[in-house]
Amino acid sequence: MPLKRLLFFVAPIVESVSDFSPGEEPVVMPVGANRLSTAICYEVVYPDLIAAFVGRGSQLLTTITNDAWYGHSSAPHQHFWQATLRAVEQGRYLVRSANTGISGIVDPYGRVVVQTPIFEQTVATGEVRYLDGQTLYSRTGDAFAYACGLVALLAWWVTRSRATGPARSR
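Residues numbered from 1 in each chain as written. Predicted model: local features only at pLDDT ≥ 70, side-chain atom pairs only at ≥ 80, totals over all residues. Heavy atoms only, no water.

Helix and strand content of the protein: five helices and six strands. Ordered by position from the N terminus, the helices and strands of the protein form the series α-β-β-α-β-α-β-β-β-α-α. Looking at the protein as a whole, 31% of its 170 residues qualify as buried. Contacts spanning at least 24 positions in sequence make up 56% of the contacts within the protein whose residues lie at least 6 apart. Of the roughly 11,700 Å² that the protein leaves accessible, carbon and sulfur atoms contribute 60%. (Helix = DSSP H or I, 4+ residues; strand = E, 2+ residues; numbered from the N terminus. Buried < 20%, exposed > 50% of the residue type's maximum accessible area, 1.4 Å probe, protein only. Contact = heavy atoms within 4.5 Å. Areas by Shrake-Rupley, 256 points an atom, 1.4 Å probe, with all protein chains shown as cover.)

Burial along strand β4 (residues 94-98) is one-sided: the face carrying Leu94, Arg96 and Ala98 is buried and the face carrying Val95 and Ser97 is not. Sheet topology note: the strand β3 (residues 60-65)/β4 ladder contains five bridges and is parallel. Its bridge partner lying in β4, Thr63 is registered against Arg96. For the crossover from β3 across helix α3 (residues 75-90) to β4, the handedness is right-handed. Turn length for the β4-strand β5 (residues 104-106) hairpin, with the two strands adjacent in sequence and antiparallel, is five residues. (Pairing = 2+ DSSP bridges. Right-handed = clockwise from strand over helix to strand, strands pointing away.)

Quick look at the sheet that holds strand β6 (residues 112-115) now. Pairing is mixed in the open sheet, where six strands are placed in the order β1-β2-β3-β4-β5-β6. Two strands bound the open sheet, and with one partner strand each, they are β1 (29-31) and β6. Along the sheet, successive strands turn relative to each other by an average axial angle of 25°, direction set aside. Judged from the three bridges that link them, β1 and strand β2 (residues 34-40) form a sheet pairing that is antiparallel. Bridge pairing in β2 links Val31 to Asn34. Packing of helix α2 (residues 47-55) onto the sheet brings it into contact with β2 and β3, and relative to β2 it is tilted by some 165°. (Axes fitted to C-alpha atoms, helices over the stretch in contact; angles between N-to-C directions.)

So, on to α3. Here α3 contains 16 residues, and its C-alpha end-to-end distance of 23 Å stays within 8% of the 22 Å for a straight helix at 1.5 Å per residue. By the burial criterion, the buried members of α3 are Ala75, Pro76, His79, Phe80, Ala83, Thr84, Arg86, Ala87, Glu89 and Gln90. Check the buried side of α3 and you find it contacts α2, β3, β4, β5, β6 and α4 (136-140). At the C-terminal side of α3, Gly91 shows a positive phi close to 65°. (Expected span 1.5 Å × (residues − 1).)

What follows covers the pairing of β2. The loop that links β1 with its antiparallel partner β2 comprises two residues; one of these, Gly32, has a positive phi angle of about 65°. As paired strands, β2 and β3 are joined by five bridges and run parallel to one another. Note that in β3 the partner of Thr38 across the bridge is Thr62. Handedness of the β-α-β unit built from β2, α2 and β3 comes out right-handed.

So, about the pattern of salt bridges. Per the stated rule, a full pass over the model turns up four salt bridges. Two residues, Glu89 and Arg86, come together in a salt bridge whose shortest N-O distance is 2.8 Å. Placement of the pair is Glu89 and Arg86 together in helix α3, with a separation of three residues, close to one helical turn. A relative accessible area of 15% means that Glu89 is categorised as buried. When the shortest N-O distance is used, the salt bridge between Arg111 and Asp107 registers 2.6 Å. (Salt bridge = Lys/Arg side-chain N within 4 Å of Asp/Glu carboxyl O.)

Structure (structure tokens):
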């Protein structure tokens with residue numbers, strides 16, 4: 001449990017489930033001559049974790065999730081669409097299996113190849129490919145976004161200092 005010492009009062013509630021601890025490194029699983037990775041539940045919304053899988057050689061992204069606790073809300077749909085971003089960012093197919101949420105296949109361009117409805121027992125099949133290489137995002141992460149933020153901050157500072165600076169003589 002994260003922040004176990006701080007959230008000590010929650011421990012009795014989750015003890016019946018189990019005690020989990022984080023792994024030491026992302027694990028990529030061999031499938032014949034290929035490699036795939038599996039994000040469990042909400043891990044798929046963290047781009048750095050998925051990038052780490054690809055950095056270790058994952059050619060196919062998979063994720064398994066229990067979306068039952070979302071119920072009939074927009075959350076299962078949001079969780080699915082967040083997962084599709086990882087396929088685009090990493091240039092990989094993503095295969096998602098959800099017990100009550102949306103299962104499906106997403107191609108490296110973010111196109112949903114297969115999608116199941118929520119709360120419906122069904123089987124979905126489709127074709128995927130094991131892919132190599134890295135996208136610009138998988139190589140640089142959020143560096144471009146941070147650079148844009150820095151440029152915006154610098155532009156704000158320059159325009160602010162000009163507006164509040166000494167009056168110019170004409």
